[in-house]
There are 2 protein chains.
Amino acid sequence: MIQVSEALAVVAENSSKMPAQKIPVGKALGYVLAETLYSPISMPPFRQSAMDGYAFIRSEKHQYDVVSSSQAGDHSNIKLKENEAVRIFTGAFVPDNADTVVMQEHVMANEKSILITNMPTQFANVRAKGEQIKKDEVVFEANTLITPAAIGFLACLGITEITVYKKPKVAILVTGNELVKPGKKLPKGKIYESNSVMLKAALQTIGIKKTKVFKVKDNLKATKKALKEILPKYDIVLISGGISVGDYDFVQEALIENGVEELFYKINQKPGKPIFFGRKSETLVFALPGNPASSLTNFYVYVYPAIKNRMGFAEIHLPKMIRKLNAEIANTSGKTLFLKALYDETHVTVLDGQSSAMLNTFATANSLLIVPDDVEKLKKGEFVTLLPIN
Amino acid sequence: MIQVSEALAVVAENSSKMPAQKIPVGKALGYVLAETLYSPISMPPFRQSAMDGYAFIRSEKHQYDVVSSSQAGDHSNIKLKENEAVRIFTGAFVPDNADTVVMQEHVMANEKSILITNMPTQFANVRAKGEQIKKDEVVFEANTLITPAAIGFLACLGITEITVYKKPKVAILVTGNELVKPGKKLPKGKIYESNSVMLKAALQTIGIKKTKVFKVKDNLKATKKALKEILPKYDIVLISGGISVGDYDFVQEALIENGVEELFYKINQKPGKPIFFGRKSETLVFALPGNPASSLTNFYVYVYPAIKNRMGFAEIHLPKMIRKLNAEIANTSGKTLFLKALYDETHVTVLDGQSSAMLNTFATANSLLIVPDDVEKLKKGEFVTLLPIN
């Protein structure tokens, strides 16, 4: 049995980056750049007006003849005389010899001329060519996450394709003779199988959309056969169930016989102590507890960073938060606790119903509050660390 | 021109809830419940062992004969005698007349009998029937967001279909003669069109996956015709561009002629002052600035809560955060500022490059820092409010 911090380090060390692939920018949301990108153009590509107004050569004069007009998209490079101005709109090309734009609110105008009532400083309201980025400058470093703003920026530079890390293909293997598919009648002694659909949804929250679910009987032969088929085809395999003390033997044997190297089994934490992590070649295997809340806790704490590492994220763990504790917490277990909690802008409250089988508490929670194994008491008002979820 | 708080109130008041629809639980991630749900079963559906161990009738005795075994999924309701125990596994049915389970770590066992070395209290390690939820109790109230944990909980109750609010259908109408499609050669005076792909990605982050983009020429006739076609078919229409002072006339006219009621135009903020919000029947229309960073700011501040309101969310605004400011901010504009900023666990830093045209800053930011219009200075070390993004 290892500590949480050791387990996290083992996961980070053993989850390699996925191969790279080219994809269209419009489909790149949530992917991570596998290359450093350089700009094919300067942005703006020409001197642009930042306002609706008039472009002119700044001097002591206040009155100018309006000799032309420049809409966004135009490129009439008129050569202005000292007493001339061009009607101009936001984003439009500023004629080469104009140096200043006065906003329309600061002039009095008739059809032919303007009187500047509020003289701008020289170069005012003109965006320099390449002000945002110059040709061949770095757009984004490798390992940048592609956000909506990043997509917008790439598109405005005319970039249509980028190289990103592939998303891992994930398989979920469900074991458990007690499990019945929701929608069917529930025989005595059985329960509905809920972990696969829950884990599929959790995977969707990090952009893993297609997850294949395999169901096998609770025995060595079936588990061995399923793993043999699954391991070469997937990048991450989540086994749900078959990992608590009574069941573990055959899952472990099936993994070993399929050449999966054990990296850890059991972590000094609550809930979610029984978890196996192993690897065969680049494929990662997590065997998660059958208890739904334990399973989801371990998903957020261990599977999530493994996937983010494989996807090339610079920061792989859930972003931690600090909040003030609303009520005392005791921890006599000697284990790291992950408590379902609800935080607001400043404080955090631990929810009732922390049992590892209780998913309804998890559905109400927006975070897991971490109580370290060596901390016996957290006082009301103390600052504590949370992992935000959902 | 109205204040930010008034604009937010107008958006909230005018965005009605979408109609409800039934969908499979497995596809419900990110939807919001339109009904209060009651449990069809008790969970657990029977008394369950919480441990791998032995079920027995607790007494003064320490030695018991092991007469049977109960795996998860079994239902052998053996009637135990006082000196008998059943080998039992986590999640398995506890025979009706057993009252206690001892975990296997607390016994010495041979094939036929056990000696309890560490006697549990009566009822220990037995999960009561309905401990988590009883038949006909409320599972989730209406307006609950469906998270991975919620999906797991619904599935474990055998629920396969739920009634949720539909997601709105969104159209993006792009105007601007200066715009060229990325991938094509960029003629002088033109820029690449980037707002549609950026807004599509921003919509994806709230689960709006299919967004139709329409492009029209910068004139009244084309805009009017496009709006006439789009308005009856979509729940939300985003117009990109055509809203700054020089362009506004024809967009406004096209909207009015199509029966769109103006609810506000221009907000006392920076960036993103030029924004139109209107409504025709239940369809909402936002005309956003052409400047990419202004457009995305207004998306997060106004469009995002409108969509969340239509989707039935109980809380529609971005969750606010409080952080300590790393450097002084001056605000002499008299406007509310939304500054691209980067926060960590405790502090926040305003990024360089706040111009409304600069998307690269937005791509680096993880939040918008709000400086209220009536605050002239925020001091270093002061607590400030952020809207987290991405």
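Cut-offs and rules
- Residues numbered from 1 in each chain as written.
- Chains lettered and ligands numbered in written order.
- Predicted model: local features only at pLDDT ≥ 70, side-chain atom pairs only at ≥ 80, totals over all residues.
- Heavy atoms only, no water.
- Contact = heavy atoms within 4.5 Å.
- Buried area = accessible area lost by both parts, 1.4 Å probe.
- Salt bridge = Lys/Arg side-chain N within 4 Å of Asp/Glu carboxyl O.
- Polar contact = N/O pair within 3.5 Å; in protein donor to acceptor, adjacent residues only side chain to side chain.
- Helix = DSSP H or I, 4+ residues; strand = E, 2+ residues; numbered from the N terminus.
- Nonpolar A, V, L, I, M, F, W, Y, C, P; charged D, E, K, R; others polar.
- Buried < 20%, exposed > 50% of the residue type's maximum accessible area, 1.4 Å probe, protein only.
- Lys, Arg positive; Asp, Glu negative; His and termini not counted.
- Pairing = 2+ DSSP bridges.
- Axes fitted to C-alpha atoms, helices over the stretch in contact; angles between N-to-C directions.
- Left-handed = near helix turned anticlockwise from the far one by under 90°.
- Arc of directions from axis to C-beta.
- Domains from an automatic or database assignment.

Draft legend 1. View of the interface of chain A and chain B. Chain A puts 68 residues into the contact, and the matching count from chain B is 67 residues. Summed over both sides, the interface between chain A and chain B buries roughly 5,700 Å², with carbon and sulfur atoms accounting for 66% of that surface. On the chain A side of the contact with chain B, A:Gln132, A:Pro148 and A:Glu345 bury the most area, a combined 10% of that side's loss. On the surface where chain A and chain B come into contact, there are 0 salt bridges. Where chain A touches chain B, the interface holds 4 residue pairs in polar contact (both at pLDDT 80 or more). At the level of secondary structure, the elements contributing two or more residues to the side of chain A that touches chain B comprise helix H2 (148–156), strand E15 (191–192), helix H3 (195–204), helix H6 (292–310), strand E22 (321–325) and helix H7 (359–364) of chain A. Of the residues forming the side of chain A that touches chain B, the biggest block, 8 residues, is contributed by H2(A). Of the residues that constitute the side of chain A that touches chain B, the class distribution is 35 nonpolar, 21 polar and 12 charged.

Draft legend 2. Spatial organisation of the side chain of B:Lys167. Residue and element names in this part refer to chain B. Here Lys-167 shows up in the loop between strand E12 (161–165) and strand E13 (170–175). In this structure Lys-167 is buried but unpaired, with Asp-235 as the nearest side chain of opposite charge at 12 Å. A distance of 2.9 Å separates a polar atom in the side chain of Lys-167 from the backbone oxygen of Gly-207. Residues within four places of Lys-167 in sequence aside, it is in contact with Met-18, Leu-29, Tyr-31, Gly-207, Ile-208, Asp-235 and Met-311.

Draft legend 3. Layout of unusual backbone geometry. Between A:Met43 and A:Pro44 the backbone carries a cis peptide bond, its omega angle lying at -5 degrees. Within the secondary structure, A:Pro44 is located in the loop between strand E2 (37–38) and strand E3 (48–49). The peptide bond linking B:Lys270 to B:Pro271 adopts the cis configuration, its omega dihedral lying at -5 degrees. Within the element layout of this structure, B:Pro271 appears in the loop between strand E19 (269–270) and strand E20 (276–280).

Draft legend 4. Region of interest: the environment of B:Ile316. Residue and element names in this part refer to chain B. Relative to the assigned elements, Ile-316 resides in the loop between helix H6 (292–310) and strand E22 (321–325). Residue classification places Ile-316 among the buried positions, given a relative accessible area of 9%. C-alpha of Ile-316 to C-alpha of Ala-306: the two residues are 10 residues apart in sequence and 7.5 Å apart in space. Those residues within four positions of Ile-316 in sequence are excluded, and the remaining contacts are Ala-12, Tyr-304, Pro-305, Lys-308 and Asn-309.

Draft legend 5. Spotlight on the sheet that holds strand E4 (residues 53–56) of chain B. All names here are of chain B. Pairing in this open sheet of 6 strands is mixed, and the strands run E7-E4-E6-E5-E9-E8 from one edge to the other. One side of each edge strand has no neighbouring strand; the edge strands of this open sheet are strand E7 (100–103) and strand E8 (107–109). Here the average twist between neighbouring strands, direction ignored, is 35 degrees.

Draft legend 6. Main features of the packing of helix H3 (residues 195–204) of chain B against H6(B). Residues and elements named next belong to chain B. Between H3 and H6, the shortest axis-to-axis distance is 11 Å and the interhelical angle comes to 35 degrees. Crossing of H3 over H6 shows right-handed handedness. Each of Asn-195, Met-198, Leu-199, Ala-202 and Leu-203 in H3 lies in contact with H6, whose residues at this interface are Pro-292, Ser-295, Leu-296, Phe-299 and Ile-307. Here the residues of the contact of H3 with H6 sort into 8 nonpolar, 2 polar and no charged.

Draft legend 7. Representation of the sheet that holds strand E16 (residues 211–216) of chain A. Residues and elements named next belong to chain A. The strand order across the open sheet formed by 6 strands is E16-E13-E17-E21-E20-E18, and the pairing between neighbours is mixed. Since the sheet does not close on itself, it has two edges, and those belong to E16 and strand E18 (261–265), each with one partner. When strand polarity is set aside, the average angle formed by the axes of neighbouring strands in this sheet is 20 degrees. Note that strand E17 (residues 236–240) and strand E21 (residues 283–288) share 5 bridges and pair parallel.

Draft legend 8. Broad picture of the pattern of salt bridges. All names here are of chain A. Applying the stated criterion across every chain, the model contains 16 salt bridges over all chains. The closest approach of N and O atoms between Glu-282 and Arg-279, which form a salt bridge, is 3.4 Å. Residue Glu-282 is classed as partly exposed on the basis of its relative accessible area of 35%.

Draft legend 9. The environment of B:Met311, seen in detail. Residues and elements named next belong to chain B. Looking at the element boundaries, Met-311 is found in the loop between H6 and E22. Among the residues examined, Met-311 registers a relative accessible area of 1% and is labelled buried. Each C-alpha atom of the pair Met-311 and Lys-167 lies 5.7 Å from the other, and the pair is 144 residues apart in sequence. With sequence-adjacent residues up to four places away left out, Met-311 is seen in contact with Gly-30, Val-32, Tyr-165, Lys-166, Lys-167, Pro-168, Ile-206 and Ile-208.

Draft legend 10. Looking closely at helix H4 (residues 220–230) of chain A. Residues and elements named next belong to chain A. All of the buried residues along H4 are Thr-223, Ala-226, Leu-227 and Ile-230. All buried residues of H4 lie within an arc of 100 degrees about the axis, which places them on one face of the element. Exposed positions of H4 whose direction lies more than 90 degrees from the buried face are Lys-221, Lys-225 and Lys-228. Capping the start of H4, Asn-219 holds a side-chain oxygen 3.2 Å from the backbone nitrogen of Lys-221, two or three residues further along.

Draft legend 11. Fine view of the domain arrangement of chain A. If you check the domain split of chain A, you get domain 1 (4–18 + 167–310), domain 2 (20–43 + 133–165), domain 3 (48–127) and domain 4 (321–388). For domain 2 of chain A and domain 3 of chain A, the distance between their C-alpha centroids amounts to 35 Å.

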